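Residue-level structural notes
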Amino acid sequence: MTTKHNIASCLDNIGKYNEALEIYYSVEKIQTEILGINHPSTMTTKHNIARCLNNMGKYNEALEIYYSVEKIETEILGINHPSTMTTKHNIALCLNNMGKYNEALEIYYSVEKIKTEILGINHPSTMKTNHNIARCLDNMGKYNEALEIYYSVEKIQTDILGINHPDTMTTKHNIALCLNNMGKYNEALEIYYSVEKIQTEILGINHPSTMKTKHNIARCLDNMGKYNEALEIYYSVEKIQTDILGINHPDTMTTKHNIALCLNNMGKYNEALEIYYSVEKIQTEILGINHPSTMTTKHNIARCLDNMGKYNEALEIYYSVEKIQTEILGINHPSTMTTKHNIARCLDNMGKYNKALEIYYSVEKIQTEILGINHPSTMTTKHNIARCLDNMGKYNEALEIYYSVEKIQTEILGINHPSTMTTKHNIALCLNNMGKYNEALEIYYSVRENTN
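Summarised in this report is the structure supplied together with it. (Residues numbered from 1 in each chain as written. Predicted model: local features only at pLDDT ≥ 70, side-chain atom pairs only at ≥ 80, totals over all residues. Heavy atoms only, no water.)

**So, the overall build of the protein**
For clarity, the cut-off: Elements are defined by DSSP. Helices are runs of H or I of four residues or more, strands are runs of E of two residues or more, and each kind is numbered from the N terminus. Each radius of gyration is computed over the set of C-alpha atoms, and the globule rule expresses the reference value as 2.2 Å times the number of residues to the power 0.38. Exposure categories follow from relative accessible area, calculated using a 1.4 Å probe and restricted to protein chains: below 20% of the type maximum is buried, above 50% is exposed, and the middle band is partly exposed. By definition, residues are in contact when any of their heavy atoms lie within 4.5 Å. Here the open area of atoms and residues is found with the Shrake-Rupley method and a 1.4 Å probe, where only the protein chains shown may cover a residue. By the counting scheme adopted, Arg and Lys are positive, Glu and Asp are negative, and His together with the chain ends is not counted. Charge positions come from single atoms, namely NZ of Lys, CZ of Arg, CG of Asp or CD of Glu.
Looking only at helices and strands, the protein features 22 helices and 0 strands. For the protein, the C-alpha radius of gyration of 23 Å lies close to 22 Å, the compact-globule estimate for 452 residues. Its C-alpha atoms put the protein at 80 × 45 × 40 Å along the principal axes. Per-residue burial for the protein yields a buried fraction of 50% across its 452 residues. Taking all contacts inside the protein whose residues are at least 6 apart in sequence as the whole, residues at least 24 apart take part in 52%. By element, 52% of the accessible surface of the protein is carried by carbon and sulfur atoms, the whole surface being about 21200 Å². Put simply, the protein has 42 plus and 51 minus side-chain charges, and the middle of one group is 1 Å from the middle of the other.

Here's what the structure looks like:
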């Protein structure tokens, strides 16, 4: 049974989820019959079934199993047992993937409290929970809070485990990821390169962790507009992943997807679409049409078509994605909100301003309630509401929103952040449309100075 269980675990790690599940279920059946439903080994298998379902994007199914495991573990082993803590931790991880950040944080904090009391603040498990609290805060757009925790975790890990330990490297990697989300690309790159150097020396150039760091270096360069440098790295990563993991592995698919994203950013829409369609085909076959990764690819196909001016084709795909996301993830999930947002953007591009505004306002309402008024996604939606109003000739209304967005972006992200610069640029554009040319010029010049 142990061997079969570990085969399933290995298949899960290489992205062969259906094969893994088939084995897990057969192991669980035998364990339940021989050892009983409450036996620790049965619980471990059920836990890993939930983990596999979580990786497949089947969050509700995963949660149902996690909660059943947690209930038995709490009754048999107690609330403070490491196994119970691990299950609670993974429930929070699943809720985080579902975009239910506040619920996730509440559980993470309760787990952290018990771990700190029982295991101590420096224990690897406590560090792991603290690390995931930071990740959750990062997803919520609370970058400074996230960084504060990341840095504290990194310090302890460096002192206890050493600078070259994989856990320390993961934390440093996620610090860079957070800085990248903040638009601090040079700081992020500096850390990424230091992590990549150590990973290459310790783990080797072909190790999945090294590949992941190289992949995120490329993503950062893409965000900086250094598309050719980004593509060069993406292609080298894709080659190794294809050789080592295979063309159908989720990591290989993610890299191919981001190559298409980079080509889209370069305006090479036909090349991007060709890759997107090949990725979507494999994802649909391997992961299923309803998997979040498949949905993301379909979404980006629509975005690419939108950029090409093929609005009706784009809308058709957007609506099909939104339908599945609403059914699977729920109307309030960040991914569903992003799709609704881009439907509005597409309608805006088509000159259907009233329809676009109606959707934008509904998205903004949910984002404000779920993510908060200061979250980058909420800011992006408010920004695009202003843009739509500007397109309608409602300049004063647009300016009022632009200025409120700029104020929050300056306070949260900083004056030099790309998003802040974009907002300032569009304020100038709006003033220009109003015939206030001198005011517009003054802002344009300040934007140019800050971006040089």
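Once the structure has been displayed, the description carries forward.
**Brief notes about the side chain of Ser 9**
Residue position: Ser 9 is located in helix 1 (residues 2-13). Of the residues examined, Ser 9 reaches a relative accessible area of 19% and is grouped as buried. Every residue in contact with Ser 9, bar those within four places of it in the chain, is listed here: Tyr 24 and Arg 51.

**Things to note about the layout of surface pockets**
The cut-off we apply is this: Site definitions follow a grid-based scheme: protein atoms alone, a 1 Å grid, a 1.4 Å probe that fits but cannot get out for cavities, and for pockets an open set with protein on both sides within 12 Å along at least five of seven lines, plus lining residues having an atom within 4 Å of a point. Grid points are joined across faces, edges and corners, and a volume is the space filled by probe spheres set on the points. Charged residues are taken to be Asp, Glu, Lys and Arg, nonpolar residues to be Ala, Val, Leu, Ile, Met, Phe, Trp, Tyr, Cys and Pro, and polar residues to be all remaining types, Gly included.
What the second largest pocket holds in volume is close to 360 Å³. Taken together, 16 residues make up the lining of the second largest pocket; nearest its centre are Gly 183, Tyr 185, Asn 416, His 417 and Pro 418. Here the residues of the lining of the second largest pocket are counted per class, giving 6 nonpolar, 8 polar and 2 charged.

**What about the pattern of salt bridges?**
Spelled out, the test is: Salt bridge, as applied in this entry: a Lys or Arg side-chain nitrogen positioned within 4 Å of an Asp or Glu carboxyl oxygen.
Summed over the entire model, instances satisfying the criterion amount to 20 salt bridges. Across the pair Asp 159 and Lys 155 runs a salt bridge whose closest N-O atoms are separated by 3.4 Å. Here Asp 159 pairs with Lys 155, and both are found in helix 8 (residues 143-160), just 4 residues apart, close to one helical turn. You can call Asp 159 exposed: its relative accessible area is 57%.

**Structural notes on the environment of Glu 22**
Within the secondary structure, Glu 22 is located in helix 2 (residues 17-34). The class of Glu 22 is exposed, set by a relative accessible area of 61%. For the pair Glu 22 and Ile 49, spaced 27 residues apart in the sequence, the C-alpha separation amounts to 9.6 Å.

**Remarks on the environment of Ser 419**
Position of Ser 419 among the secondary structure elements: in helix 21 (residues 418-433). Given the relative accessible area of 30%, Ser 419 is considered partly exposed. Along the backbone, Ser 419 and His 81 are 338 residues apart, and their C-alpha atoms lie at a distance of 45 Å. The contact partners of Ser 419, leaving out residues within four places of it in the chain, are Gln 409 and Leu 413.

**Regarding the packing of helix 1 against helix 3 (residues 40-55)**
We apply this condition: Under this scheme, a helix contributes an axis fitted over its contacting stretch, all axes are lines through C-alpha atoms, and angles between N-to-C directions fall in the 0 to 180 degree range. Note on terminology: angles under 35 degrees are roughly parallel, angles over 145 are roughly antiparallel, angles of 65 to 115 are roughly perpendicular, and the others are oblique. Crossing handedness is defined as follows: a turn of the near helix away from the far one that is anticlockwise and smaller than a right angle gives a left-handed crossing, while the clockwise case is right-handed.
At a minimum axis separation of 11 Å, helix 1 and helix 3 run at an interaxial angle of 15 degrees. The pairing of helix 1 with helix 3 is recorded here as roughly parallel in orientation. Judged by the sense of rotation from one axis to the other, the crossing of helix 1 with helix 3 is left-handed. Side by side, helix 1 and helix 3 meet where His 5, Ser 9, Asp 12 and Asn 13 of the first sit next to Thr 44, Thr 45, Asn 48, Arg 51, Cys 52 and Asn 55 of the second. By residue class, the composition of the contact of helix 1 with helix 3 is 1 nonpolar, 7 polar and 2 charged.

**Concerning the packing of helix 14 (residues 269-286) against helix 15 (residues 292-307)**
Where helix 14 contacts helix 15, the two axes come as close as 9 Å, and the packing angle between them is 160 degrees. In terms of axis orientation, helix 14 runs roughly antiparallel to helix 15. Judged by the twist between their axes, the crossing of helix 14 over helix 15 is left-handed. Taking contact as the criterion, the partners of Tyr 269, Ala 272, Leu 273, Tyr 276, Tyr 277, Val 279, Glu 280, Gln 283 and Thr 284 in helix 14 are, on helix 15, Ser 293, Thr 294, Thr 297, Lys 298, Asn 300, Ile 301, Cys 304, Leu 305 and Asn 307. A breakdown of the residues in the contact of helix 14 with helix 15 according to their chemical character gives 9 nonpolar, 7 polar and 2 charged.

**Focus: the side chain of Gln 157**
This is how it is decided: Distance and chemistry together define a polar contact, namely a pair of N or O atoms within 3.5 Å, with one atom able to donate a hydrogen and the other to accept it when in protein, and with adjacent residues in sequence counting only for side-chain atoms on both sides.
Along the chain, the position of Gln 157 falls in helix 8. For Gln 157, the side chain forms a polar contact with the side chain of Thr 171, separated by 2.6 Å. Setting aside chain neighbours within four positions, we find Gln 157 in contact with Met 127, Gly 162, Asp 167, Thr 168 and Thr 171.

**Some details on the state of the cysteines**
Put simply, the test is: Here, two cysteine sulfur atoms that lie within 2.5 Å of each other are counted as a disulfide.
Tallying each qualifying case throughout the model produces 0 disulfides. Its sulfur unpaired, Cys 262 is 12 Å from the next cysteine sulfur, which belongs to Cys 220. Here Cys 262 falls in the buried class, since its relative accessible area comes to 0%. The thiol sulfur of Cys 388 is not disulfide-bonded, and the nearest other cysteine sulfur, from Cys 430, lies at 12 Å. The class for Cys 388 is buried, based on a relative accessible area of 0%.

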